[in-house]
Amino acid sequence: MARRRLSEAIRWQIIGMHATGASFKAIGRQLGYHYTVISRLVRKHRQTGAVKDRPQSGRPRVTSEREDRALLRIIRREPFSTSTVLKRAWLPNRHLSTRTVRNRLKAAGMAARRVIKRPRLTDDHKRRRLAWCLARQRWNLRTWRRIHWSDESRFLLHVTDGRLRVWRHRNTAYTPRNIRQTVPFGGGSVMVWGCISHGCKLDLVTIRGNLTGDQYMRHVLEPVVVTHFDNHPLATRPVYMDDNARPHRSRAVVDYLQNNAVTTLPWPAMSPDLNPLEHVWDILGRRIQALQPPVQTLRELEAALHREWLQVTREQIRRLTGGMRRRVDAVIRARGGFTRY
């Protein structure tokens, strides 16, 4: 049973009662404490003139500062290691707990945080990304506003968040209310194509099955892209951006765009952080997950995507497309590496 700690007010009350002539046992009976507690407090007051507890050293540290620095060197080499793995790699011949490892890392200002996921970049990818950004570093807003950014994205019917946690008591993991039910492959998915620019937002297109070059021409380029570009005079015709996905770079697609006077923007591979449309997909994904009641079928998911696409405002899109110079500068500062976008 934990001992009751005396508050500072109670301690001064005990000193006052003893000063009036009350005995230790009388004070203890009245306040509900053992008389030895009262006597130790009075003795401390006589010796120090204070009633507060003296600073205590606490439990002795089991590691030295030099050993703590060795742990930090390990975590810099292997930042994804668990505390159990770190304990074995740090001081294998010492009896340490994983709590000690976490305490040392916390004292150094480190904490286990969410991992940011990005496409894998090779040295060649970095060189190409850097060269692409350096060639466009001097572009002004008027030039960036001509770009029409396009992309495809796939949305799962049931999204499973690997970071999901549940508050529960011990040994209640299999209680039905503590179980998150899942379905294989997310219950199916819907793939959509979209395109935005500073001044417009084209219709969202649902992609049936796997996207091929022929399907890309018949369902996206011909009815949406080329029709929209034909509404612009040839001198002020926009520039079309699509990534290096295989259907986009098939010979038939390249010839079709050239025959229809659609100028394309060369694109460095593995560069979703340079496409502002990626953030629009993120907006749609969060809105779909927040729907109440949630979507239950693929048809409902498709309808919800088209509905939420219409709700994306021009101001949101302009904030994204207007930040291209910052994105380019970020890639240059990272020498073609990862950015915060």
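Anything mentioned here points back to the structure above.
A few points on the structure.

Definitions and cut-offs
- Residues numbered from 1 in each chain as written.
- Predicted model: local features only at pLDDT ≥ 70, side-chain atom pairs only at ≥ 80, totals over all residues.
- Heavy atoms only, no water.
- Buried < 20%, exposed > 50% of the residue type's maximum accessible area, 1.4 Å probe, protein only.
- Helix = DSSP H or I, 4+ residues; strand = E, 2+ residues; numbered from the N terminus.
- Arc of directions from axis to C-beta.
- Contact = heavy atoms within 4.5 Å.
- Disulfide = S-S within 2.5 Å.
- Axes fitted to C-alpha atoms, helices over the stretch in contact; angles between N-to-C directions.
- Parallel < 35°, antiparallel > 145°, perpendicular 65-115°, else oblique.
- Left-handed = near helix turned anticlockwise from the far one by under 90°.
- Nonpolar A, V, L, I, M, F, W, Y, C, P; charged D, E, K, R; others polar.
- Pairing = 2+ DSSP bridges.

Things to note about helix α13 (residues 314-321)
Right, on to step 1. Taken together, the buried positions of α13 are occupied by Q316, I317, L320 and T321. End-on, the buried residues of α13 take up no more than an arc of 125°, which puts them together on one face. Residues of α13 that are exposed and point over 90 degrees away from its buried face: E315 and R319.
Right, on to step 2. Close packing links the buried residues of α13 with β1 (147-156), β2 (189-196), α11 (277-289), α12 (298-311) and α14 (324-333).

Quick notes on the state of the cysteines
Right, on to step 1. Here the structure, examined in full by the defined rule, presents zero disulfides.
Right, on to step 2. Between C133, a cysteine without a disulfide, and C195, which holds the nearest cysteine sulfur, the sulfur-to-sulfur distance is 20 Å.
Right, on to step 3. C200 takes part in no disulfide bond, and the closest cysteine sulfur, belonging to C195, lies 6.6 Å away.
Right, on to step 4. With relative accessibility at 22%, the residue C200 sits in the partly exposed group.

What to know about the packing of helix α4 (residues 65-77) against helix α5 (residues 83-90)
Right, on to step 1. Across the interface, α4 lies against α5 with an axial gap of 10 Å and an inter-helix angle of 125°. What the angle tells us is that α4 and α5 run oblique. Judged by the twist between their axes, the crossing of α4 over α5 is right-handed. Taking contact as the criterion, the partners of E67, D68, A70, L71, I74 and I75 in α4 are, on α5, L86, A89 and W90.
Right, on to step 2. Classifying every residue of the contact of α4 with α5 by side-chain character gives seven nonpolar, no polar and two charged.

Examining the pairing of β1
Right, on to step 1. Within β1, eight of the ten residues are buried, which leaves the element mostly enclosed by the surrounding structure.
Right, on to step 2. In this structure, β1 lies alongside strand β4 (residues 239-241), joined through three bridges in parallel fashion. Bridge assignment links H148 to a residue of β4, and that residue is Y240.
Right, on to step 3. Summarising the sheet, β1 and β2 pair through eight bridges and their orientation is antiparallel. Its bridge partner lying in β2, S150 is registered against C195.

Here's the deal with the sheet that holds strand β5 (residues 263-264)
Picture the strands of a sheet paired through backbone hydrogen bonds; they go either parallel or antiparallel.
Right, on to step 1. With mixed pairing, the five strands of this open sheet are ordered in space as β3-β2-β1-β4-β5. Each edge of the sheet is formed by a strand with only one pairing partner; in this case those strands are β3 (205-207) and β5.

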